[in-house]
Structures are given as C-alpha cells and as structure tokens.
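Spelled out from the first residue to the last, the chains are:
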Amino acid sequence: MGWEGAGGSRAQIPPLPRDREAPPWEEVQTKSQQIPQDGTEVPGHVSGAQALLPEEGAEQAADTMASPSVPTRRGRVPWQGLLLAGSLLIFWTPPTTQQLTVVSVNATEGEDVLLRVHNLPGDLAGYNWFKGECVDSNHGIASYVTDAQEITCGPANSGRETIYPNGSLLFQKVTQEDTGYYTLQAIKRNFQSEKGTGRLRVYLELPTPNITSNNSSPEENKDPVVLTCEPWTQDTTYLWLINSQSLPDSARLQLSNDNRTLTLLHVTRNDKGPYVCETRNPVSAGRSDPFTLNVLYGPDEPIISPPDSHYRPGANLSLSCHAASNPPAQFSWAINGGPQQPTQELFIPNISVNDSGSYTCLAHNPDTGLNRTTVKMITVSEPVGKSSIRANKTTVTEHKDAVGLTCLTNDTGIFIQWFFNNQSLWLTDRMKLSQDNSTLTIDPVRREDAGSYQCEVSNPVSSSKSDPIWLEVQYDSTPQHPGLSDGAIAGIVIGVLAGMALIAALVYFLYIRKTGGASDQRDLTEHKPSASNHSQGHSDNSPNKVNEVTYSSLNFNVQESEKPTSTSPPPTVTETLYSEVKKK
C-alpha cells in the first residue's frame, strides 16, 4: 500500500502562522502518556510503526526516530512503512471516549487556512493526512513521525500544505481547487488508529455587484423591464431591495430561480425605484449602487389654475396649466378655438366682456406621443345695477286679498333672491315664485305676512339689493279662537244644539210617565176612604188591625219651553200627584 512514485521528502516543520497558532502540544495529548519532546525514545519502547515495518524499513525508521545522542540518518522517510502500519491498524479501532474531530472551515480564496484537530488520542506514533473522505495512499498529503518530528510529503501535496506536531494541517494561499474533504489518520504505538474528516470550503471574495437593465427608459403600462445583478459568481445568494425595502408581493414582479434576475411586467411610474441588489456567500458580501428606472408616462389630464371662472371688466387674467408627465410636458393655449399659443402661462391684461369664452390647455409628451387637453370657461361680467320692487297692493285684508311683488332689473344672466325683514324668505304653502324668481305671489295674505320685502339681484362678480317695500295687512280685531277652523266651530254648535234637544226629550218623557202614575193614584183615593171608615170602630190593639194610608198631594207647575206667540202670559198647567204614606 505504498504511495507509488511519491518521492517522499523530509521537510522541516515551519512555525504556525501567528493568527493561527496551534494549541500547545501538551493540550492535544489528552488522556495519554507524555511523549518526550527532545526526540529521545522511552527505554524498551517500540513504536507501532516500527513494529509493522519490514526489517529494512524498521531499521531505517529506527534510525530516523533515534535519540539525538545517536547520529540521525538523513535518508528518505519510509512513507510506505508508516502507511502500511496505518492501513493494517485501521481494521481494528477500539472505541474511545472522545471522537477525533477535524474542524471544517470556510475560507476566502488567497488566504492561509489551518485545519485544526480536536480530541487527539495519546501515545501517538504519527499522523497521515489524505485528501478525501477515506484513507487512500494515492491521495496522501503529508505524514508526520512523532519521535523523529519529521514530515514526509505525499503524492497529493501541492507544496502549500504543512503538517504540525499537534495534527493541524496548514494550507497557504488556498484556491477554489482546494475545496473538499480532508481526512486525518492518527496512529498510536499500540497498533490502534483513529480517523477524523473535515471539510474546507474556499469561496471567492465577492466583487461589488452592479445592476443592468434591458430597458432603462420603459413606457408606463406598456414595456416590461428585466433587471440583472452582475456578475454571476458561484455559490452566491442574490437579494433585491426596492426603496430600501424587500420586494413587495406583486404579480407584476418575477424573480429567476437563482434570484439574480428581476422582471417587472407592465411597469408603472411607481416602479422607478431605486433598486439595489446584494450578493452574499459564507465569507463576503457585496451591495450595488442604487439603480433608478426612467419610466416614461403622461401627460395626465391638465389642471388649470386658479379655479376662478368669473371676472370683472378691467381685471387681469392669468392662467397656468400643469400636468404630471415624464419627461415634462409641452404646453400650449387656444382661446375660443383660435390659434395655439405655445406657453404654459397665459396672461391677458385689462380684460373685457369680449374676452369671455373657452380657454383650452393642451399638454404634449414628445417621448410617449400622448396629448391631453382641458377646457375652462371664462366669463367677464359687468356689475349688476340697482333693483326695485313693484307691488300690486301694499295694503291688503287678511284671508281676503292676494298680493304680487315683482323684482325689477335691467341686468341679464342674474340670480334673484327674496328677503323678508332682512332675512332670507322661507316660502310657505301660500307663497309661489315665478320660474326666474322675479315675482313673488302670496295668496291669501295673513297678518304674519306683514313686514318689509326686498329682492337681491346678483351675478358671479357683484350683487345689489333693492330698497325695502312695506306690506300692511288689515284684519278683524275680534278675538278669535286660534287653532279652530270655521268647520270645527260649526260642528261644535251643532253638537250643543243636538245635546239640548236630547235633554228636552228626556224631561218630556219623565213628565209623561209621572203624569200617568198620578191618574192611577187618584182612582185609588176615591175608593180608599170607604174602607177606612169601615175600620174606624176597631181598637188599635185589635189583632185584625189594618194599616192606615194617608195621602198627601203635591202640585207641580210645568211651563212650556217654547216661546209664546203672543204677549199674554204663558199658560200654567197644574197637576196634583199623590204619594202614599203608611202609618203603623
């Protein structure tokens, strides 16, 4: 199992890099016997490597690892023998309390890297380093003999690797080709060995990225945009930012599988950015300069200012036109459809009524080829003159008369408003206005309509109020029953009369009944005295005593309720009613 063709050469052990000093030799000899550092052998002790070497190789190894008091043979270190020992011992590796570990490392290309070893066993005869995850003589990097403290390079040694007594392996100026797994085999003097594997990852130091675009001046709602983060590098993560924030969730934003390309579908003016791309790997990071899209859009509908549309003669007319656009829009004005004036600001001094009409602002974007217009109507009006009121009557009678008031003016294009007692007139159901508000009709008039009336004539630039006219309402001063209509009063009178008639009929009915009862009593009176006389001879104490009945009379004078037809006194009807009084 020798390393064929590998002329193993002995090398001196260089010092560890200052920034990567290996731990003291005593620290790596955990739970093991102390190995002499001066190169002397322990009396009667034979290394595991020597025991496994052929006789000739054993002699050479013995010479190599002899005490400094014995001259050391400076020949070739027997790689084949040490590897043979390691190969045989690897088949029998008893369990240990702590696993031999090679610490994995991420490194930047061009720097020095040290693969450190943890939990080295004690009583070591030497080390073997291999490139890969297994022990393979064809991929040997270096071997170290503990007693001789000598290094022998293997076939996979590039001249930049160095092995140290504590088992660490130094790489000088690593390249990406050095990326991979590395295995350390530690051989002990008792024929036992342990193996540990670590990984070295070598990355490029990332350059500062930059953003490129397939279209740096896209048109809004028309062109897609593809942004690319340059350059491409292996094992790199790409990240995009817009306006210093992560990309929002949007169906118009699409990322490539590696996030290196960002596509904007149907770009809008809000997508201008700025955009930033970041690149990252385990050893470095980069950030691009901000990239801003020049999105072409507009013009939007122009806005004309100021908003005023009405002016007096003699005023100065100053109009300005604005429209959102990229690049800025070109403006021109047209008055009443006349020739265009290429300007954004329109100024006309000392305007007159003849300057009334339509003013059109035209906005043009030369890059998008779009045009938009806005029309504004300007009215120049003379101030209104004094108005007056004409009334068909100024003195009217309540509930009888109607009155008509007319506002007189010579102005046109005006608005008329009525006032009552210096306040806006609130129309009632008895009031009506003509279509142009010039005539006010009140029908019928009530006393609350009495007061002063005015009309106000106005146009957008002025207003004028007439002199007041007084309306006098005459009415009956007899107290009235507020709240009762004539119909209600008539109903009350009829109800009272009906009630009186009902009462008279009831009295008459009672009278008839009582009259009939009195006649019956008179008949009884005529027959009772005989019976009474018949019983006069009996004593009061007689058992056959009959109750006496004594009669008394009451006279009622009933007068007719109707008025007499002549001046003679009303007849009087006298009736005698009898009541029965019993004596016991």
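Here, every reference points to the structure presented above.
Residues numbered from 1 in each chain as written. Predicted model: local features only at pLDDT ≥ 70, side-chain atom pairs only at ≥ 80, totals over all residues. Heavy atoms only, no water.

Visitor: Could you clarify how one ought to interpret the overall build of the protein in this entry?
Guide: Within the protein one finds five helices and 39 strands. Taking as baseline every contact in the protein between residues at least 6 positions apart, the subset at least 24 positions apart corresponds to 63%. On the protein, roughly 34200 Å² of surface is accessible, and the fraction owed to carbon and sulfur atoms is 51%. (Helix = DSSP H or I, 4+ residues; strand = E, 2+ residues; numbered from the N terminus. Contact = heavy atoms within 4.5 Å. Areas by Shrake-Rupley, 256 points an atom, 1.4 Å probe, with all protein chains shown as cover.)

Visitor: What exactly am I supposed to notice about the pattern of salt bridges here?
Guide: Two side chains that carry opposite charge are able to pair once their charged atoms sit near each other. Using the criterion set out here, one finds 15 salt bridges in the structure. A salt bridge links Asp-467 to Lys-386; its shortest N-O distance comes to 3.6 Å. Of the two residues, Asp-467 sits in the loop between strand 36 (462-465) and strand 37 (469-474) while Lys-386 sits in the loop between strand 27 (371-380) and strand 28 (388-391), which places them 81 residues apart along the sequence. Among the residues examined, Asp-467 registers a relative accessible area of 54% and is labelled exposed. For Lys-386, a relative accessible area of 54% gives the class exposed. When the shortest N-O distance is used, the salt bridge between Arg-430 and Asp-449 registers 2.7 Å. Here Arg-430, found in the loop between strand 32 (423-424) and strand 33 (431-433), pairs with Asp-449, found in the loop between strand 34 (439-442) and strand 35 (451-459); they are 19 residues apart in sequence, far enough to count as distant. Take Arg-430 and Asp-449: they sit in the same class, and that class is buried. Each of the salt bridges in this network shares a partner with another, and the network as a whole consists of Asp-123, Asp-147 and Arg-189. (Salt bridge = Lys/Arg side-chain N within 4 Å of Asp/Glu carboxyl O. Buried < 20%, exposed > 50% of the residue type's maximum accessible area, 1.4 Å probe, protein only.)

Visitor: Explain the sheet that holds strand 21 (residues 303-305) to me, please; I cannot follow it from the model alone.
Guide: Paired through their backbone hydrogen bonds, the strands of a sheet run either parallel or antiparallel. The strand order across the open sheet built from three strands is 21-23-25, with neighbouring strands paired in antiparallel fashion. Every other strand in the sheet has two partners, leaving strand 21 and strand 25 (345-348) as the edge strands with one partner each. The mean inter-strand angle of the sheet, taken between neighbouring strand axes irrespective of direction, is 20°. Bridging between strand 23 (residues 317-322) and strand 25 involves four bridges; their strand directions are antiparallel. Paired with Leu-317 across the bridge in strand 25 is Ile-348. (Pairing = 2+ DSSP bridges. Axes fitted to C-alpha atoms, helices over the stretch in contact; angles between N-to-C directions.)

Visitor: Mind showing me how you'd approach the state of the cysteines here?
Guide: Two cysteines joined by a covalent bond between their sulfur atoms form a disulfide. One pass over the structure, following the stated rule, counts three disulfides. Shown here is the disulfide that connects Cys-321 with Cys-361, its sulfur atoms set 1.8 Å apart. Across the disulfide from Cys-321 to Cys-361, rotation about the S-S bond amounts to roughly -95°, and the bridge is consequently left-handed. With Cys-321 in strand 23 and Cys-361 in strand 26 (residues 357-364), the pair connects residues that are 40 residues apart, well separated along the chain. In this pair, the class of Cys-321 matches that of Cys-361, namely buried. Through a disulfide, Cys-407 is tied to Cys-455; the S-S separation comes to 2.0 Å. One quick way to see it: the torsion about the S-S bond of Cys-407 and Cys-455 is about 65°, and its sign makes the bridge right-handed. Residue Cys-407 is located in strand 30 (residues 403-408), and its partner Cys-455 is located in strand 35; the two are separated by 48 residues in the primary sequence. The same class applies to Cys-407 and to Cys-455, which are both buried. (Disulfide = S-S within 2.5 Å.)

Visitor: I tried to follow unusual backbone geometry on my own but got confused; where do I start?
Guide: Residue Gly-273 is joined to Pro-274 through a cis peptide bond whose omega torsion reads 15°. Examined against the element boundaries, Pro-274 turns out to sit in the loop between strand 18 (261-264) and strand 19 (275-281). A positive phi angle, near 55°, is found at Asn-421, a position not held by glycine.

Visitor: What exactly am I supposed to notice about the packing of aromatic side chains here?
Guide: Working definition: an aromatic ring pair is given by the centre-to-centre distance plus the angle between the planes. The tally for this structure, following the rule as stated, stands at three aromatic pairs. Between the aromatic rings of Tyr-127 and Tyr-144, the centroid separation amounts to 5.8 Å while the plane-to-plane angle is 20°, which identifies the pairing as stacked. Here Tyr-127 is found in strand 6 (residues 124-131), whereas its partner Tyr-144 is found in strand 7 (residues 140-145), with 17 residues between them in sequence. Take Tyr-127: its relative accessible area is 0%, and that puts it in the buried class. What makes Tyr-144 buried here is its relative accessible area of 2%. Between Phe-420 and Tyr-453, the ring centres sit 4.8 Å apart and the planes meet at 45°, which makes this aromatic pair tilted. Here Phe-420, found in strand 31 (residues 415-420), pairs with Tyr-453, found in strand 35; they are 33 residues apart in sequence, far enough to count as distant. The exposure class assigned to Phe-420 is buried, which follows from its relative accessible area of 19%. We classify Tyr-453 as buried; its relative accessible area is 1%. (Phe/Tyr/Trp six-rings, centres within 6.5 Å; stacked < 30°, edge-to-face > 60°.)

Visitor: Where do I start with the nonpolar core in this structure?
Guide: Nonpolar side chains in soluble globular proteins tend to be buried together. In this structure, Leu-115, Tyr-127, Trp-129, Ile-163, Phe-171, Leu-184 and Leu-200 are the most contacted members of the largest nonpolar core, which totals 24 residues. Leu-184 has contacts with Leu-100, Val-102, Val-117, Leu-120, Tyr-127, Asn-128, Trp-129, Gly-167, Glu-194, Lys-195 and Gly-196, leaving out every residue within four places of it along the chain. With 20 residues, the next largest nonpolar core counts Val-403, Leu-405, Met-431 and Val-457 among its residues. (Core = buried A, V, L, I, M, F, W, Y, C linked by side-chain atoms within 4.5 Å.)

Visitor: Looking at this model, I keep getting lost on the sheet that holds strand 20 (residues 284-287). Mind explaining?
Guide: An order of 16-15-19-20 is seen for the four strands of this open sheet, with the pairing classed as antiparallel. This sheet does not close on itself; its edge strands, each paired only once, are strand 16 (245-246) and strand 20. The pairing of strand 15 (residues 237-242) with strand 19 spans six bridges and is classified as antiparallel. Of the residues in strand 19, the one forming a bridge with Ile-242 is Tyr-275.

These figures come from the coordinates and say nothing about function on their own.
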